[in-house]
Amino acid sequence: STPIQNTEFASVITIADRLARSANLKQVPTVVVSPPGVSGAFVTMGKPPNILMSRDLLESLSADEVEGVLAHEIAHLEARDIPVAMAGGIMRDLVAWNPLSHIALRRLLRDREYEADRRAAILTRKPLAVASSLLKVYELSRRSRRLTPRTAIPFTRRAGRVAPRVQQLIALADGS
C-alpha cells in the first residue's frame, strides 16, 4: 500500500481530515492506495488507523462518491467496528458447534454495515452520493472478482445485500 501524499489523489486527504474531525475521531486516518489486485475500500486499526482504497475505485468515483466511501469507513472507525467484529468472531469460534453463533455474527456485521451507511449519509449530508458510491464499489468488486479472488469488500458474496442498503440511503434522502 502507498500512502496518499502529494499525488493525483491529494484532495482525498483533505476530505478524510474534514470527515474525521466531524466524527470527532482522536486521530485522522491515513488514506493509502491498496496494492494492485485488491479492489474496494476498508479500514485497518492502528496508530493512526488506515483507510485503504483501491486505485480503480479512486479513479472511478466522483468527488462526492469518494467522500461517501471515506465517510462510511470513518463511521466504522467512529463506532469501533473492527474490535467489535473481532470480538464477535472470537465468540462465534468459541461456540463454533452452535449454528446460532454464526447467524448472530453475520447479523452483527450486516447491522454494522447499515449503520456505517447511515452515519456516512449524516456526515456527508449526501445520502444519494453514498448510495451511488456503494453501487460503484459493488460493481468494481464484481469485475475484480472475475480477474482475481482478492477483493476487500464485505458484501461481495451476494448481490442481494447491496439493494437494501441502497434503499435505506434513498429513504434517508427522501426524509422517511
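So, here is what we can say about the structure in this document. (Residues numbered from 1 in each chain as written. Predicted model: local features only at pLDDT ≥ 70, side-chain atom pairs only at ≥ 80, totals over all residues. Heavy atoms only, no water.)

Taken together, the four strands give an open sheet; going across it, the order is 1-2-4-3, and neighbouring strands pair in mixed fashion. Both outer strands of the open sheet, strand 1 (2-3) and strand 3 (41-44), are each paired with one neighbouring strand and no more. With four bridges joining them, strand 2 (residues 30-33) and strand 4 (residues 50-53) adopt parallel strand pairing. Residue Thr 30 lies in a different strand from strand 4, and its bridge partner there is Asn 50. Across the sheet, helix 3 (residues 63-78) is in contact with strand 2, strand 3 and strand 4; its angle to strand 3 comes to roughly 30 degrees. (Pairing = 2+ DSSP bridges. Helix = DSSP H or I, 4+ residues; strand = E, 2+ residues; numbered from the N terminus. Contact = heavy atoms within 4.5 Å. Axes fitted to C-alpha atoms, helices over the stretch in contact; angles between N-to-C directions.)

A few words on helix 1 (residues 10-22). Owing to its 3.6 residues per turn, the α-helix aligns residues three or four sequence positions apart on the same side. An ideal rise of 1.5 Å per residue puts 18 Å on 13 residues; helix 1 measures up with 19 Å between its terminal C-alpha atoms. Among the residues of helix 1, Val 12, Ile 15, Ala 16, Leu 19 and Ala 20 are the ones counted as buried. An end-on view of helix 1 places all buried positions within 130 degrees of arc, on one side of the element. Opposite the packed face of helix 1, turned more than 90 degrees from it, sit the exposed residues Thr 14 and Arg 21. Among the structural elements, strand 2, helix 2 (55-60), helix 3 and helix 5 (99-124) are those in contact with the buried residues of helix 1. Just downstream of helix 1 lies Asn 24, where phi reads positive at about 60 degrees. (Expected span 1.5 Å × (residues − 1). Buried < 20%, exposed > 50% of the residue type's maximum accessible area, 1.4 Å probe, protein only. Arc of directions from axis to C-beta.)

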